[in-house]
Structure formats: structure tokens, C-alpha cells
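Spelled out from the first residue to the last, the chains are:
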Amino acid sequence: MRKIRLAFVGHHGHFVGNCKYLFLSSLKDDRFSSTYITSRADTFNDLSRNGLPVKTIDDALIDDFSLADFIVLDDGVTEDIKARFGTRPLVQLWHGIGPKMAGLAQISAGHIDLSTWHENLINTIYTGYNMVCSTSQLGQFLFKNYFDAIEFPIVGMCRNDVLFRNNTEHDLIGSADINVAKNKLTTLFAPTFREHGSAMHDFLGADLPSILGHEGIELIVKPHPYDRAGSDLRKISTVIDPLLDIYPILKDIDLLITDYSSLASDFSLLDKPIIHFAPDRDVYERTCRDMSYDPEIFKLGPWVSDAKTLIKEIMKIRDNGDEYVQQRRSASALLHDVRDGSACTRTLDQIARRSDFAEPGKGVEPKAVSWQKRRPDRSNTGRKIDVTAMGDIKGPANYELCLAVQNSDYKSAREKFAIINGIESIDCCVIGDSHVWGYAAPSILPIWTGPITMHRFGRDGGDVCKISEFNLDRERMKLIFNFGEIDARSHVGAQAARQGKSQFEICDVLVRRYIAAIHNITRGWPAEAIWIATTVPPHEIPPDSPHAFVNAPPLLERIESSRILNACLMRHVANSPYKLLDAYNLLAGLDGSLSPGLTNDDIHIYTEKGQSLLRSCCEKTLDLNYSKDWRTAQRWTIDGRPISVAQMLEAERRYRTLTPDEEHYLGRALLDLGQAPEAVSLLESARHYCSEMPWASFYLAKALRAAGRGRDAASLLDDLASQQSSHAYLMSLVSEERTLLSNERGTD
């Protein structure tokens, strides 16, 4: 049986990246006959000395390209070289998956002005492929927006196989050769490139190499091949040649510092700490690359924008360990569907499976692709809202409120809502499924549209809810749209399976139509007054739950669907004129499910604790008038009126859960009134959530001292003193409190 002939064209002729590792793997597979094609004499000489099949690109043009069954690349090639491939089938391994937007999506986004030359270059590099290999559903989804290709198999990145095994002799060809210290925190700084300037300037300008050296941290720097750092690199003792392969040494690295580079995605497979150092993020997105998604959605580690914070995060990892383990593992699981060191085997299997591509005429001609922004379908189908079941959930008064909405009597709805909540005005309206009742707060009008999915809202638009008939004050009123939990719970996974698509593809279309429908029904509203909420995280649904249903997906599948849907929401809202209200990350635990104590029916945020968190989130994010209680408490506290503060907030606490800021000021009032134990309880509850966290810690320390818990108070005060806050007045009070505590303990 004739072997399948493969011609590998590596990254600019170097022996690095995915082409290197797939080439080496193919040499051990009897199904293939492979040749490595290079334009560099040093690469040719290295491979020849090691007895590996290699040709220069000039020699290859004679017969290897024309006779190859497949040409394999992991980067773009120039138009003249690609033209010489003729119609040979092309396999694109690419060189990573990260947040940077690439390829045809850059043209369609229109965020950064591209010259005609640049657009032509993109069309050359990103079109005409038979196969583009990916790492996950997310990667597949992104690559379908970047490339024009027939297939996008999920196989993994071939270069990552070396992370799961010991290095071979051939792995070390073209690789960095350094000795890594075993008794230090070995840190690699490896940023991506900029179209203008260098990522190294901010790093070196802050004298970080010297500071880290004094702390006993071994720093290794690997510039990007396109970086323009120049002579600045002389300040660093260990610099890896930008053109060398670093993957064989990644196993010996303890900490990665990078920015928007896809290296972070690969390094996450090692389950080691990652810090994103991006002081130029705004400039980068304006002048270099837009983001395909918010990088903080898939959080592999902390994002920092200045040298001081970077050093603090490094020291924290060295001294206290890695606190981003669970978040990184969750994000890495979305970036890599397969993580077993067998990407090369799967890729070769895919190529062998599609050997029919190698038949004459089966290649794909490169073509220019015009990616105009699609106009979503905004047609209406005349469906009505059904809200008559609301009486079973929220009682007769709200039932009447919903009937008023059902009958388009919005004036009556506003009046009934004001009577129910004892207020004179409404600052915000939340429109959505039954999760609108989780936003239980005065001055937020809930408009429950019934069990409407995001899919139906995107399809039916204004017939789901006629915003234009609300007669609301558009200059003052804010709108929140809250749909999608039903889709993530019941439909996204099922639709993906039924249509033979990935969940990312399903969610992308879903969210596009949803935002288009919002745009259609809010014409005339200022965009800055419109907020789109993420869905709440999923929760385990027991078989006896009223929300249990036949063939319900298991919790882990619903977590994945919820994460993907919210990721699409975040990405598309960021590219729209609207704003995001992120309830998902506020309410989710480390595993992506709903945190304990936030639901009493396995679906909704109907507990006081959960509603308090949502209310506090709205208060800070939307700056609503219902925050008047804690702002009044703040003003009265400054005026020295603890009795007034206590009376007002104790009255509020009788019928609702206080927000963390309200708990903070009530605790301070009770402390002033000599009720230290009660103050400690409130201040401990509020400390980690209120907007004045350093002050909350200080007053908690005061309350602990007053309650006779001097040791706990001393620990808090020492922690505050070590933080070196820029607030001089606070630090002076901390010093006074420490003196008082020391005197008291000395007297004891």
C-alpha cells in the first residue's frame, strides 16, 4: 500500500511548533512518508546531521510540493509560496489559541482599520484549507471565524505532546538549552508581539529583573520573534533566542508571566501558576489586535497592569501558593477538550481518514472572503405573553401586577409596583423569565414575560414584551434584560447534538439574535441605559424537585452549557453599545455551579442571601436610587448620628436582607452605641463584600478589641499595616488602634 506523502512547511523555516512535533511523530508511523521543507540553512544542517528527511524550499518546489498528498503548515506563508502549492490539500495546524482576534474575523470586526495590503495578506494566509486543527469546541468556534476551510477537527496542539512525556533527542533539535535552578521559583516572561514597540519596555523599565533577582527568583525571558526590544534585553541574564523552541523546557518552569499570548493556554496544561501582565491593554486593543473574547472570561490567572501589582502577585505565589487553581482548571478545560499527549496521533489519524482529499482536484483554491456583518432576522410572529401563573409564585399583589403587564396596562403596573414596595419612583426595569424575581429590590420593576427562552426572545422580539408602551422616563430609567437560563439548562446541549454543531456555534447564533432583538425593541433608548445580564449558574436538581424534568442533562453538562452561553454573552455585549451585568461570576462557586445557600428551589435566586448579593451587585453596577439607605447611613455616620443610622437600618432589616454596605454602617453604629458583639457579627459579614473594604477591616478590628478579642484584632491590624495603603488618614488610625491595643494587652 502506498504511503501518504506529507510535506511540512514549518514556521518561517524554523524547526519549532506544531509542524516539528507532527513531523517527528509521522516518521514513526508506517502510513506516512514525510519531508521537512525549510528556507533556512541552519535548520537544514541540523536536521541533516540527525539523519532526518529535509529539503530546502527551492529543491522542494521541483517535486515535493507537486507530489505531496498533503502540505502541512502551522503558520501563514507568502502568496508566491502558497501559489506554488497549486491545488494540493492543505492542513493548517496553526500556532495557538488565545484571546487575540485573528484572520478573517479581523476584517469582519472592523474594529481596527486595515490597509488593502493587510486585508489581502489576511485573505492569503487564512483561506484555502482542507483542514484546520483545533483544541476544543471553543477553539473550533474561533477558528471557524478566522479561517476558510472544509473541516475543523478537534485533535489538540501537536507541540503540547512534549509536555506529557520526557524529551527525546529529536525534541531538543532547534530547542533552547538552559539549566533551570531547582531551588528557586523559576519564572518565564514570554509576551506576544506588538505592531508598534515592544512588550519588554514596561517590564524592563520598572527594573523588574533586578527586583526579582534580589528576591531569589530566577527570571528567564523569551521575546516573541517579532518583538522590537533590541538592546534592552542586555539587562537580563537569561534570554532565550526568540527563534528557538521552548516547549521542551516548559515542564521545568514554575511560573509563567505573559500577556495575550496563546502560550498561556498551552502552559495551563501543566497546572502551574500564570500571571497576565498587560499594562497596555487599552492601547493594544485600539492599535494592534481586538479580542475575540474578554480574556478574563477564561481566567488562567490574575490580570495586572502595573509592576507593583505584578511583584505582589509573584510574591503571593512564592509565599502562599497558587489561589487560581480551580479557576485555571475550569478555563483550561474549555480551551482543551483533550489533554493526554496524543495530539499528534489524532492529527495523523484525521489526515489518513481524509486521504480522499489527496485525489486530483480535491485541494481548495485560496479565495478572497468578504466577511460583511450579518443582519440578524428581526421578524415578529405575533405571540402573546402568558403570565397568569405568577400568582402561585409571588402572591396576589404581584399577580395583579403581572396581569397589568399582560394587558399592556403599564401605567397600572407601575402604580401597583410602587404600592407593593412603598416607593414613589422606579429607577430600573428588569425584563425576563422567572429569574427577574431574584432582583428583589425597591425601585426595580420586574417584568416577568413567562417561561420565555433567549431563543424565543431573539425570534419574536417586540411581541414578547412591548417596551415602547411602558411610557417610562428614557432619560432616567435603566433596563436590564435577563434571559437564557432555560436555554442553558435544557436546550443548548440538545440542539448542539441534534444539529451536529458545537455548543459555541449554537450559543453564538443565539446571542447574536438576542442582542439584535434587544436593539430592535429599544429604539430611541440611550444605549448606556441598557444592561444585559448573564444567566445564573446551574444547581443540582434532585429527582423530587419541582423543576426536575425527563432526560435532564447532568450538572456538569449544564455547567459547561452555562459557561459557554455566558462567554458568548460577554463577548458580544462587549462588542455592542450595551453594558453587561455579570450575575454569573458573582454567584458561581469554583466549579461553576451555584454557590450554596443562594437558592431554595434548585433554580432561582429566591433566598435572602442570594437576593442580597444581586441587589448589592445592581447597586454598585447600575448606581440605582435604591442605594439611598446606605448612602444616607454613610452621611449620618460622618455626621456622628449612630442612633439615626441604627434606627433606620434596623427597621429595614425587619423585612429584607441588608446589603453588605448597609451591614457595614449598621455595624459601625452599633459599635458606637456599645453593642460590640452585634457589631462584630455585622462587620464580619460585610467585610469581604462592601465597597470600603480597608475601612471595613479597620472597624471590624475596633469591634473585636471592644468585644475582648484582642488577638483577632491584632492580626487584622497587622495585616492592614503591612498593606501600605495610600490612605494616610486610615493608616494613622490603624497606628493609633495598634497602640491602644498594645497598651491594653500590656495592662492585662
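The structure reproduced in this document is the subject of the present report. (Residues numbered from 1 in each chain as written. Predicted model: local features only at pLDDT ≥ 70, side-chain atom pairs only at ≥ 80, totals over all residues. Heavy atoms only, no water.)

Okay, the overall build of the protein chain next. Of the regular secondary structure elements, the protein chain holds 30 helices and 17 strands. Taking all 748 residues of the protein chain together, 56% fall into the buried category. In the protein chain, of all internal contacts separated by at least 6 residues, the share reaching a separation of at least 24 is 68%. Surface exposure of the protein chain reaches about 32,500 Å², of which carbon and sulfur atoms provide 48%. (Helix = DSSP H or I, 4+ residues; strand = E, 2+ residues; numbered from the N terminus. Buried < 20%, exposed > 50% of the residue type's maximum accessible area, 1.4 Å probe, protein only. Contact = heavy atoms within 4.5 Å. Areas by Shrake-Rupley, 256 points an atom, 1.4 Å probe, with all protein chains shown as cover.)

Next up on the list: the pattern of salt bridges. According to the stated counting rule, one finds 28 salt bridges in the structure shown. Here R318 and D319 are joined by a salt bridge, their closest N and O atoms 2.9 Å apart. Of the charged contacts in the structure, one is a salt bridge between R328 and D322, with a shortest N-O distance of 2.5 Å. Bridged by salt links that share partners, the residues D271, D322, R328 and R329 form one connected network. (Salt bridge = Lys/Arg side-chain N within 4 Å of Asp/Glu carboxyl O.)

One finds L22, F147, L188, L250, F457, F481 and Y514 to be the most contacted residues of the largest nonpolar core, which totals 114 residues. The element best represented in this core is helix α20 (residues 503–521), accounting for 10 residues. Aside from chain neighbours lying at most four places away, what touches L188 is I220, K222, I246, L250, I253, L255, L256, I257 and L263. Formed by 31 residues, the second largest nonpolar core is a distinct cluster that contains L649, L671, L683 and W695. (Core = buried A, V, L, I, M, F, W, Y, C linked by side-chain atoms within 4.5 Å.)

Applying the stated criterion across every chain yields a total of 17 aromatic pairs. Ring geometry for W94 against F147: centres 5.2 Å apart, planes inclined by 80 degrees, an arrangement best described as edge-to-face. Here F147 lies in the loop between α7 (137–146) and β7 (149–151) and W94 lies in the loop between β5 (90–92) and α5 (104–109), a separation of 53 residues in the sequence. The buried category is assigned to W94, whose relative accessible area is 7%. Three or more aromatic residues joined by ring pairs make a cluster, and in this case those are W94, Y126, Y129, F143, Y146 and F147. (Phe/Tyr/Trp six-rings, centres within 6.5 Å; stacked < 30°, edge-to-face > 60°.)

In this section: the sheet that holds strand β1 (residues 4–9). Taken in spatial order, the seven strands make up an open sheet running β3-β2-β1-β4-β5-β6-β7, and their pairing is parallel. On the outer flanks of this sheet lie β3 (54–56) and β7, each paired with one strand and no other. Neighbour-to-neighbour, the strand axes of the sheet open up by a mean angle of 30 degrees, direction not taken into account. Where β1 lies against strand β2 (residues 32–38), six bridges are found, and the strand directions are parallel. When the sheet's bridge partners are listed, I4 is paired in β2 with F32. Its contacts with the sheet put helix α1 (residues 17–26) on β1, β2 and β4 (70–73), and the angle it makes with β2 is roughly 145 degrees. (Pairing = 2+ DSSP bridges. Axes fitted to C-alpha atoms, helices over the stretch in contact; angles between N-to-C directions.)

Spatially, β9-β8-β10-β11-β12 is the arrangement adopted by the five strands of the open sheet, whose pairing is parallel. In this open sheet, the two edge strands, each paired with only one partner strand, are β9 (217–221) and β12 (303–304). One ladder, built from five bridges, connects strand β8 (residues 185–189) with β9; its direction is parallel. For F189, the partnering residue across the bridge sits in β9 and is V221. Set on the sheet, helix α12 (residues 307–320) makes contact with β8, β9, β10 (255–258), β11 (274–277) and β12; between it and β11 the angle comes to about 175 degrees.

A word on the environment of S332. Residue placement: S332 occurs in helix α13 (residues 325–335). Remark: the alpha-carbon pair of S332 and D266, spanning 66 residues in sequence, is separated by 8.6 Å. Excluding residues within four positions of it along the chain, S332 makes contact with S268, L269, L300 and R339. Here R339 takes part through its side chain, which lies 3.1 Å from a polar atom of the side chain of S332. (Polar contact = N/O pair within 3.5 Å; in protein donor to acceptor, adjacent residues only side chain to side chain.)

Our focus in this paragraph is the side chain of N18. Mapped onto the secondary structure, N18 falls in helix α1. Those residues in contact with N18 that sit more than four places away from it in its chain are D74, L93, W94, H95, M157, C158 and R159.

To continue, consider the environment of R88. Mapped onto the elements of the fold, R88 is located in the loop between α4 (79–84) and β5. Spatially, the C-alpha atoms of R88 and I71 are 6.8 Å apart, while their sequence positions differ by 17 residues. In terms of polar contacts, R88 uses its side chain to reach the backbone carbonyl oxygen of A68, at 2.9 Å.

Next up on the list: the packing of α7 against α20. In contact at an axis separation of 8 Å, α7 and α20 are set at 60 degrees when each is read in the N-to-C sense. Viewed along their axes, α7 and α20 adopt a mutual orientation that is oblique. Along its contact with α7, which presents Q137, L138, F141, K144 and N145, the element α20 presents Q503, F504, E505, D508 and R512. Grouping the constituent residues of the contact of α7 with α20 by class yields three nonpolar, three polar and four charged. (Parallel < 35°, antiparallel > 145°, perpendicular 65-115°, else oblique. Nonpolar A, V, L, I, M, F, W, Y, C, P; charged D, E, K, R; others polar.)

Time to look at the environment of L335. Turning to its location among the elements, L335 is positioned in helix α13. Among the residues examined, L335 registers a relative accessible area of 2% and is labelled buried. Separated by 198 residues in the primary sequence, L335 and Q137 place their C-alpha atoms 7.9 Å from one another.

Our next topic: the state of the cysteines. Under the criterion given, the structure shown has zero disulfides. Just so you know, C344 is unpaired, no disulfide at all, and the nearest cysteine sulfur is the one on C158, 4.0 Å from it. C507 provides the cysteine sulfur closest to C568, a residue in no disulfide bond, and the two sulfurs are 5.1 Å apart. (Disulfide = S-S within 2.5 Å.)

Within the secondary structure, S434 is located in the loop between β13 (428–432) and β14 (444–448). A distance of 2.5 Å separates the side chain of S434 from the side chain of H604, its partner in a polar contact. What S434 contacts, discounting residues up to four positions off in sequence, is W448, H604 and Y606.

Burial analysis of helix α14 (residues 343–353) places eight of its 11 residues in the buried class, which makes it a mostly covered element. Buried residues of α14: A343, C344, R346, T347, L348, Q350, I351 and A352, and no others.

Looking now at α20. The end-to-end C-alpha distance of α20, which contains 19 residues, comes to 27 Å, matching closely the 27 Å that a straight helix rising 1.5 Å per residue would cover. Counting buried residues along α20, 14 of its 19 residues qualify, which places the element largely inside the surrounding structure. (Expected span 1.5 Å × (residues − 1).)

Once that is clear, we can look at the packing of helix α19 (residues 485–499) against helix α21 (residues 555–574). It is at 9 Å that the axes of α19 and α21 come closest, and there the two elements cross at 90 degrees. Of the possible angle classes, the one that applies to α19 and α21 is roughly perpendicular. Contacts from A488, R489, V492 and G493 of α19 reach α21 at R558, S561, S562 and L565. Looking at side-chain class alone, the contact of α19 with α21 contains three nonpolar, three polar and two charged residues.

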